[in-house]
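For reference, the chains in residue letters:
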Amino acid sequence: MIYVGIDIAKLNHFASAISSDGEILMEPFKFTNDGDGFSLLVSNLESLSDNKDSIIIALETTAHYGDNLVRYLVASYYTVCVLNPISTSRCIRTTFTKRKGIRSTHTSLLKL
């Protein structure tokens, strides 16, 4: 399985991919929030695997900036998971606070 994470922003997005073994398959790269950028993303995804079913794409909802990208990817038959940023923030805080070593190194992140 290949996991693709996309950081959504107003003008440019960043995407990277890892395997289910944790191997980095695609270093983070920037693509624009338009048709050309979406085509670049899909071309990079196609270089990872011929089988679209082996790729799961995840992104957080960021206002409306990712809507067109989600529609584009779904229309291209990719599996897309749209995550709620409040839920992921709670999950991260819970995970970090349960581990003492991580808590001490990421205290500043938890206060955000």
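In what follows, the accompanying structure is described. Not measured: the values here are computed from a predicted model.

### Concerning the sheet that holds strand β1 (residues 2-7)
Across a sheet, paired strands are connected by hydrogen bonds in the backbone, their directions being either parallel or antiparallel.
Part 1 of the argument: Strand order in the open sheet made by the five strands is β3-β2-β1-β4-β5, with mixed pairing throughout. Of all the strands in the sheet, just β3 (24-32) and β5 (79-83) have a single pairing partner and so form its edges. Neighbour-to-neighbour, the strand axes of the sheet open up by a mean angle of 20°, direction not taken into account.
Part 2 of the argument: In terms of strand pairing, strand β4 (residues 55-60) meets β5 through five bridges, oriented parallel. In the strand pairing of β5, Ala58 is matched with Cys81.
Part 3 of the argument: On the sheet, helix α1 (residues 35-48) packs against β1, β2 (12-19), β3 and β4 and is oriented at approximately 170° with respect to β3.
Part 4 of the argument: Across the sheet, helix α2 (residues 67-75) lies against β1, β2, β3, β4 and β5, angled at about 155° from β5, the strand it touches most.

### A short note on the pairing of β3
Part 1 of the argument: With six bridges joining them, β2 and β3 adopt antiparallel strand pairing. Across the sheet, Asn12 pairs through a bridge with Thr32, a residue of β3.
Part 2 of the argument: In this structure, the hairpin formed by β2 and β3 is closed by a connection of four residues, where Gly22 is found at a positive phi of approximately 90°.

### Things to note about a nonpolar patch on the surface
Part 1 of the argument: On the surface, a cluster of nonpolar side chains totalling about 370 Å² of accessible area is made up of Met1, Tyr3, Ile18 and Ile24.
Part 2 of the argument: In this structure, Ile24 sits in strand β3.
Part 3 of the argument: Take Ile24: its relative accessible area is 52%, and that puts it in the exposed class.

### What to know about the packing of α1 against α2
Part 1 of the argument: It is the contact of α1 with α2, at a shortest axis distance of 11 Å, that shows an interaxial angle of 45°. Between α1 and α2, the angle is such that the two are oblique. Helix-helix and strand crossings are classified by hand; for α1 and α2 the assignment is right-handed. Here α1 contributes Phe38, Ser39, Leu41, Val42 and Leu45 to the contact with α2, which in turn contributes Asn68, Leu69, Tyr72 and Leu73.
Part 2 of the argument: Looking at side-chain class alone, the contact of α1 with α2 contains seven nonpolar, two polar and no charged residues.

### Some details on the pairing of β1
Part 1 of the argument: Only one face of β1 is covered, namely the face carrying Ile2, Val4 and Ile6; the face carrying Tyr3, Gly5 and Asp7 is uncovered.
Part 2 of the argument: Pairing of β1 with β2 involves six bridges; the strand directions are antiparallel. Looking at β2, one finds that Ile2 is bridged to Ser19.
Part 3 of the argument: Between β1 and β2, which pair antiparallel in sequence order, lie four residues.
Part 4 of the argument: Both β1 and β4 contribute to a ladder of five bridges, which runs parallel. Counterpart to Gly5 in the pairing with β4 is Ala58.

Rules of the game
Counting restarts for each chain: residues are numbered from 1 in the order of the written sequence. Per-residue local features are limited, in this predicted model, to residues with pLDDT of at least 70; the limit for side-chain atom pairs, both in listing and counting, is 80 or more; totals at the level of whole chains, interfaces and linings are taken over all residues. Water and hydrogen atoms play no part in the side-chain values, which are based on all heavy atoms of the structure. Two strands qualify as a pair provided that DSSP identifies no fewer than 2 bridges between them. Helix and strand assignments follow DSSP, with helices taken as H or I runs no shorter than four residues and strands as E runs no shorter than two, numbered in order from the N terminus. As a rule, the C-alpha atoms of each element are fitted with a line to give its axis, helices using only the stretch in contact, and angles between N-to-C directions run from 0 to 180 degrees. The contact criterion used is simple: two residues touch if any of their non-hydrogen atoms lie within 4.5 Å. Residues enter patches when they are more than 30% accessible in relative terms and free of salt bridges; like-charged ones are connected within 9 Å and nonpolar ones (Val, Leu, Ile, Met, Phe, Trp, Tyr) within 5 Å. With residues, only the protein chains shown are counted as cover, and all accessible areas are computed by Shrake-Rupley using a 1.4 Å probe. A pairing counts as a salt bridge when a side-chain nitrogen of Lys or Arg comes within 4 Å of a carboxyl oxygen of Asp or Glu. A simple rule labels every residue: compare its accessible area, found with a 1.4 Å probe on the protein chains alone, to the largest value its type can have, and call it buried under 20%, exposed over 50%, or partly exposed in between. Any angle that falls under 35 degrees is termed roughly parallel, while one over 145 is termed roughly antiparallel, one within 65 to 115 roughly perpendicular, and all others oblique. Each crossing gets its handedness from the near helix: less than a right angle anticlockwise from the far helix is left-handed, clockwise is right-handed. Polar here means any residue outside two lists: the nonpolar Ala, Val, Leu, Ile, Met, Phe, Trp, Tyr, Cys and Pro, and the charged Asp, Glu, Lys and Arg; Gly therefore counts as polar.

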